[in-house]
Amino acid sequence: MEGSIRFPHLGITLTNVVKSFQIGGLTIACYGIVLALAMMTGLFLVMKVAKATGQKEDDYFDLGILAIAIAVVCARIYYVVFSWDYYSSHLAEIFNLRRGGLAIYGGVIGGVATVLVFCHIRKLNARRMLDTMSVGLVWGQALGRWGNFFNREAFGEYTDNLFAMQLPVSDVRASEITEAMRAHIQTIDGVDYIQVHPTFLYESLWNLGVLAVLLLVTWRLYRQDRPEEQAGRDNDGVVFLLYLLLYGLGRFWIEGLRTDQLILFGTGLPVSQVLSGILVVASFVLLICMRVWKKPGGGNT
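Caption draft 1: Spotlight on empty space enclosed by the protein. Summed over the entire model, instances satisfying the criterion amount to one cavity of 30 Å³ or more. Size it by volume and the largest cavity reaches roughly 960 Å³. In terms of lining residues, the largest cavity is bounded by 48 residues, among which Met39, Ile104, Gly107, Leu137 and Gln141 are the most central. Looking at the lining of the largest cavity, the elements with two or more residues in it are helix H1 (30-52), helix H2 (57-81), helix H4 (104-122), helix H5 (126-144) and helix H9 (238-255). Among the elements that make up the lining of the largest cavity, the one with the highest residue count is H5 (eight residues). Considering only residue class, the lining of the largest cavity consists of 24 nonpolar, 14 polar and ten charged.

Given below as structure tokens:
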């Protein structure tokens, strides 16, 4: 039936999965609820990590509220810029977030810029704050991807693997249905379904794995019972670079499966895949440099 989402090889059928609902004449998008929940719980996690590592929670609350607002704006700008062929003819749609259209890398860029300016003004340690914020960011990404689930978007090409997901043709954008999907359309109870990679699920699970690594590294580097010389400034920036490296690795793979890629101007290459590759290489090199720099005789003073 329409409104259903099926995982045939797992024996799972979800019915009446709505994209939005009404409250007193007001339409509430599930996508928006999921993103709001992801942002608020991410900020809560950041504040808990800050407290556990001897930092001021109030600094992170102030920064978090500001960074969330700026990140959302930047995520939308990034998406619109790389989808300009469509938005140049549909200017009013630029401000319509109900259908999705937020690019996480735009949000990351905006968030990092906010952290740097905020820390400069308040004379705070920017690298340490980036480390702590990374934990909440990757949690927010893991949860936020479920907004794509409700919107029936950000899925991949046709697949028949264990996690294959079936969506009613009427529930997805026609522009995102490929020839391979059309060739394998299945009709079930009178409804036509496409079968695709649930890339939102892949990325959500990957991000949970990244979160576990970041929490472990944060605890090992910054827990309060470590001697100051071991938990000092030499470690600042490591967690953030690990986030860029690990998230970038997963995103590089997953982006290659998707059918709604944002394309880098004049290249035909997915912009998020290109950026992921650059971040993976850059963060890996910087982590190696930090490791070498900390060794005796490596220049650390």
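Caption draft 2: Quick look at the nonpolar core. Counting residues in each nonpolar core, the largest one holds 44 residues, and the members touching the most others are Tyr60, Leu63, Tyr78, Met129, Leu214, Val238 and Tyr243. Broken down by secondary-structure element, the contributors of at least two residues to this core are H1, H2, H4, H5, helix H8 (199-222), H9 and helix H10 (271-294). The contacts of Val238, once residues within four sequence positions are left out, are Asp131, Val217, Leu221, Leu287 and Met290. Core analysis: the next-biggest nonpolar cluster, separate from the first, contains 14 residues, Val17, Phe149, Val172 and Val196 among them.

Caption draft 3: Region of the structure containing a nonpolar patch on the surface. Residues Leu10, Ile12, Leu14, Leu162 and Phe163 make up a contiguous nonpolar surface patch of roughly 390 Å² in combined accessible area. Secondary-structure assignment places Leu162 in the loop between helix H6 (146-151) and strand S5 (165-168).

Caption draft 4: Just the packing of aromatic side chains, in detail. Scanning the model with the defined rule gives ten aromatic pairs in all. Ring centres 5.8 Å apart and planes at 75° place the aromatic pair Tyr105 and Tyr247 in the edge-to-face group. Taken together, the positions of Tyr105 in helix H4 and Tyr247 in helix H9 put the pair 142 residues apart, joining distant regions of the chain. The buried category is assigned to Tyr105, whose relative accessible area is 4%. Given the relative accessible area of 2%, Tyr247 is considered buried. Measuring from ring centre to ring centre gives 4.9 Å for Trp146 and Phe200, while their planes differ by 80°; the resulting arrangement is edge-to-face. Of this pair, Trp146 sits in helix H6 while Phe200 is found in helix H8, placing the two residues 54 residues apart along the sequence. A residue is classified by how much of its surface remains accessible, and Trp146, at 30% relative accessible area, is partly exposed. Members of the aromatic cluster, each reached through a chain of ring pairs, are Tyr105, Phe240, Tyr243 and Tyr247.

Caption draft 5: Geometry of H4. Under the 1.5 Å per step criterion, the end-to-end length of H4 is 26 Å for 19 residues, consistent within 8% with the ideal 27 Å. By the burial criterion, the buried members of H4 are Tyr105, Gly106, Gly107, Val108, Gly110, Gly111, Thr114, Val115, Phe118 and Cys119.

Caption draft 6: Highlighting the pattern of salt bridges. What the rule picks out here adds up to ten salt bridges. Ionic pairing is found between Arg122 and Asp59, a salt bridge with its closest N-O pair at 3.3 Å. Separated by 63 residues along the polypeptide, Arg122 in helix H4 and Asp59 in helix H2 bring together distant segments of the chain. The exposure class assigned to Asp59 is buried, which follows from its relative accessible area of 16%. Across the salt bridge formed by Glu176 and Arg173, the nearest N and O atoms sit 2.9 Å from each other. Using a relative accessible area of 8% as the deciding quantity, one classes Glu176 as buried. Using a relative accessible area of 25% as the deciding quantity, one classes Arg173 as partly exposed. Several salt bridges share partner residues, and in doing so they unite Arg251, Glu255, Arg258 and Asp260 into one network.

The rules behind these values
Residues numbered from 1 in each chain as written. Predicted model: local features only at pLDDT ≥ 70, side-chain atom pairs only at ≥ 80, totals over all residues. Heavy atoms only, no water. 1 Å grid on protein atoms, 1.4 Å probe; cavity = no way out; pocket = protein on both sides within 12 Å on 5 of 7 lines; lining within 4 Å. Points joined across faces, edges and corners; volume = space filled by probe spheres on them. Helix = DSSP H or I, 4+ residues; strand = E, 2+ residues; numbered from the N terminus. Nonpolar A, V, L, I, M, F, W, Y, C, P; charged D, E, K, R; others polar. Core = buried A, V, L, I, M, F, W, Y, C linked by side-chain atoms within 4.5 Å. Buried < 20%, exposed > 50% of the residue type's maximum accessible area, 1.4 Å probe, protein only. Contact = heavy atoms within 4.5 Å. Patch = residues over 30% accessible without salt bridge, like charges linked within 9 Å, V, L, I, M, F, W, Y side chains within 5 Å. Areas by Shrake-Rupley, 256 points an atom, 1.4 Å probe, with all protein chains shown as cover. Salt bridge = Lys/Arg side-chain N within 4 Å of Asp/Glu carboxyl O. Phe/Tyr/Trp six-rings, centres within 6.5 Å; stacked < 30°, edge-to-face > 60°. Expected span 1.5 Å × (residues − 1).

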